[in-house]
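Okay, here's what each chain looks like letter by letter:
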Amino acid sequence: MEYLDFELPIKELEEQLDKCLVIGEESDVDVSETCKQIEKKLTQTRKDIYKNLTAWQRVQLSRHPNRPYTLDYIRAICGDSFLELHGDRNVKDDKAMIGGLGKIGDQSFMFIGQQKGYNTKTRQYRNFGMANPEGYRKALRLMKSAEKFGIPVVCFIDTPGAYPGIEAEQRGQGEAIARNILEMTRLKVPIIVVIIGEGASGGALGIGVGDRVLMLENTWYSVISPESCSSILWRSWEFKEQAAEALKLTATDMKKLKLIDEIVREPAGGAHGNRDKAFEIVKNKITSHFQELEKLSPKELVKLRMEKYANMGVFNG
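Here goes a summary of the coordinates provided. (Residues numbered from 1 in each chain as written. Predicted model: local features only at pLDDT ≥ 70, side-chain atom pairs only at ≥ 80, totals over all residues. Heavy atoms only, no water.)

**Digging into the pairing of strand S3 (residues 107–114)**
Condition: For every residue, the accessible area obtained with a 1.4 Å probe (protein chains only) is divided by the maximum for its type, and the residue is called buried under 20%, exposed over 50%, and partly exposed between those limits. Helix and strand definitions follow DSSP, with helices as H or I runs of at least four residues and strands as E runs of at least two, each counted in order from the N terminus. One bridge is not enough; two strands pair if DSSP finds at least two bridges between them.
Of all 8 residues in S3, 6 are buried, a share of seventy percent or more. Here strand S2 (residues 97–104) pairs with S3 via 8 bridges, running antiparallel. Pairing of Gly99 across the sheet is with Ile112, part of S3.

What follows is the structure, encoded as structure tokens:
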């Protein structure tokens, strides 16, 4: 387990607890009371740390090396029923964008999401979760297939942004994202979007239009990353913490601005602290929101979705 700077008090207490348990196993000394006290302190410390996080700390948590990625959620939620589908039928198969069919209970879903890597080799393979135009075109192809067969769509967002390379621009990065936004607004099946990590810029918006947009509490959603914002405004990355506060990118900010529908509470200690619990929470949220959306006709779905996005940013003075 890796720890961020502000998580170090948790690390110390966990190490103390481990030592205490080892002493209890290796000797006849009764350490149960001491262990209980450490556990109590550990629970309280966890609560105190995660209750008062700054915007920048939430950005750090969204990038935590142990945080579950899209495929982790899909495999945990669908088990062996997930069938990955590949290629945009035009250029190639983008490894940064994954998608396919999976089941929750008896209900089929089309799952789509950005996938990051776990080490240097897989990060390069997945292009650090930054999709090329063919990734967005693959996502659109899968959404259109889902629409054809009346299958609801679930999108997992976790990207530092769409790939900004010259070859991506040559193949129409902006057009691919814009096309996805247009097509998603009028897709005739329910769309549930879950932000599970980083939600940056057009890279996130390319699969981010939904009837329900949910945000895990230790994630962020913004037009630009704090580091990039800092480098533009202050010509330095050193002001990233100030930029994070100014960007209003946390789940609480997004809910207040009515840009998302619900904040999904993570287990104590974050999604990386209890992955199984996080998977269960997200699975239950997808199921409950789908049960509400399946009651609507395709016409009602599109109408409500269009109205929802048309009303964003409207100010009545």
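**Section: the environment of Gly102**
Short version of the rule: Contacts are residue-level and defined by heavy atoms, with any inter-residue pair within 4.5 Å sufficient.
Its place among the elements puts Gly102 in strand S2. The class for Gly102 is buried, based on a relative accessible area of 4%. Between the C-alpha atom of Gly102 and that of Asp261, which follows or precedes it by 159 residues, the distance is 24 Å. Setting aside anything within four residues of it in sequence, one finds Gly102 in contact with Cys78, Ser81, Phe82, Gln107, Ser108, Phe109 and Phe111.

**Topic: the state of the cysteines**
Convention followed: Here, a disulfide means two cysteine sulfur atoms that sit within 2.5 Å of each other.
Taken as a whole, this structure holds 0 disulfides when the rule is applied. In this model Cys78 remains outside any disulfide bridge; the closest cysteine sulfur is found in Cys155, 13 Å from its own.

**Some points on the packing of helix H10 (residues 226–233) against helix H11 (residues 240–247)**
When two helices pack together, their arrangement is given by the angle between the helix axes and the distance between those axes. Formally: Axis lines are fitted to C-alpha atoms, over the contacting stretch for helices. Their N-to-C directions set the angle, which ranges from 0 to 180 degrees. Working rule for angles: under 35 degrees goes down as roughly parallel, over 145 as roughly antiparallel, 65 to 115 as roughly perpendicular, anything else as oblique. Gly is put with the polar residues, along with every residue not named as nonpolar or charged; the nonpolar set is Ala, Val, Leu, Ile, Met, Phe, Trp, Tyr, Cys and Pro, and the charged set is Asp, Glu, Lys and Arg.
At a minimum axis separation of 8 Å, H10 and H11 run at an interaxial angle of 105°. Between H10 and H11, the angle is such that the two are roughly perpendicular. Within the contact between the two elements, H10 uses Pro226, Glu227, Cys229 and Ser230 and H11 uses Lys240, Ala243, Ala244 and Leu247. A class-by-class count of the residues in the contact of H10 with H11 yields 5 nonpolar, 1 polar and 2 charged.

**Details of the packing of aromatic side chains**
Each aromatic ring pair is described using two quantities: the centre-to-centre distance and the angle formed by the ring planes. The criterion, for reference: Between rings of Phe, Tyr and Trp, where Trp is taken as its six-membered ring, a pair exists when centres lie within 6.5 Å; planes separated by under 30 degrees are stacked, by over 60 edge-to-face, and by other angles tilted.
Tallied over the full model, the rule gives 7 aromatic pairs. Between Tyr73 and Phe279 the ring centres are 5.1 Å apart and the planes differ by 85°, which places this aromatic pair in the edge-to-face class. Of this pair, Tyr73 sits in helix H4 (residues 70–78) while Phe279 sits in helix H13 (residues 275–293); the two residues are 206 residues apart in sequence, bridging distant segments of the chain. Taken individually, Tyr73 and Phe279 each receive the classification buried, so the pair is uniform in this respect. Plain terms: the ring middles of Phe111 and Phe156 are 6.1 Å apart, the flat faces sit at 5° to each other, and that makes the pair stacked.

**Digging into the nonpolar core**
Using the following cut-off: We define a nonpolar core as any set of buried Ala, Val, Leu, Ile, Met, Phe, Trp, Tyr and Cys residues linked to one another through side-chain atoms lying within 4.5 Å.
Within the largest apolar cluster, 33 residues are counted, with the highest numbers of intra-cluster contacts made by Ile112, Met143, Val153, Cys155 and Ile207. Breaking this core down by element, the ones donating at least two residues are S3, helix H6 (133–148), strand S4 (153–159), helix H8 (173–185), strand S5 (191–200), strand S6 (212–216) and helix H12 (251–256). Here the element with the most residues in this core is H6; it accounts for 5 residues. Residues Cys78, Val194, Ile196 and Ile281 belong to the second largest nonpolar core, which totals 27 residues.

**Points about the layout of surface pockets**
Under the convention used in this document: Only protein atoms enter the calculation, which uses a 1 Å grid: trapped sets of points that fit a 1.4 Å probe without letting it out are cavities, open sets showing protein on both sides within 12 Å along at least five of seven lines are pockets, and any residue with an atom within 4 Å of a point is a lining residue. Grid points are joined across faces, edges and corners, and a volume is the space filled by probe spheres set on the points.
Roughly 300 Å³ of internal volume is contained in the largest pocket. As for the largest pocket, its lining consists of 16 residues, and the residues nearest its centre are Pro160, Gly161, Ala200, Ser225 and Ser228. At the level of secondary structure, the elements contributing two or more residues to the lining of the largest pocket comprise S5 and H10. Of the residues belonging to the lining of the largest pocket, the class tally is 9 nonpolar, 4 polar and 3 charged. As a volume, the second largest pocket reaches approximately 260 Å³.

**Comments concerning a nonpolar patch on the surface**
Rules: Exposure above 30% relative accessible area and the lack of any salt bridge qualify a residue for a patch; like charges then connect within 9 Å, and the nonpolar side chains Val, Leu, Ile, Met, Phe, Trp and Tyr within 5 Å. Only the protein chains shown count as cover for residues, and the accessible areas themselves come from Shrake-Rupley with a 1.4 Å probe. The salt bridge criterion pairs a side-chain nitrogen of Lys or Arg with a carboxyl oxygen of Asp or Glu, the two atoms within 4 Å.
On the surface, a nonpolar cluster with roughly 310 Å² of combined accessible area is contributed by Ile232, Leu233 and Trp234. Tracing the backbone through its elements, the reader meets Leu233 in helix H10. Residue class for Leu233 comes out exposed when judged on its relative accessible area of 59%.

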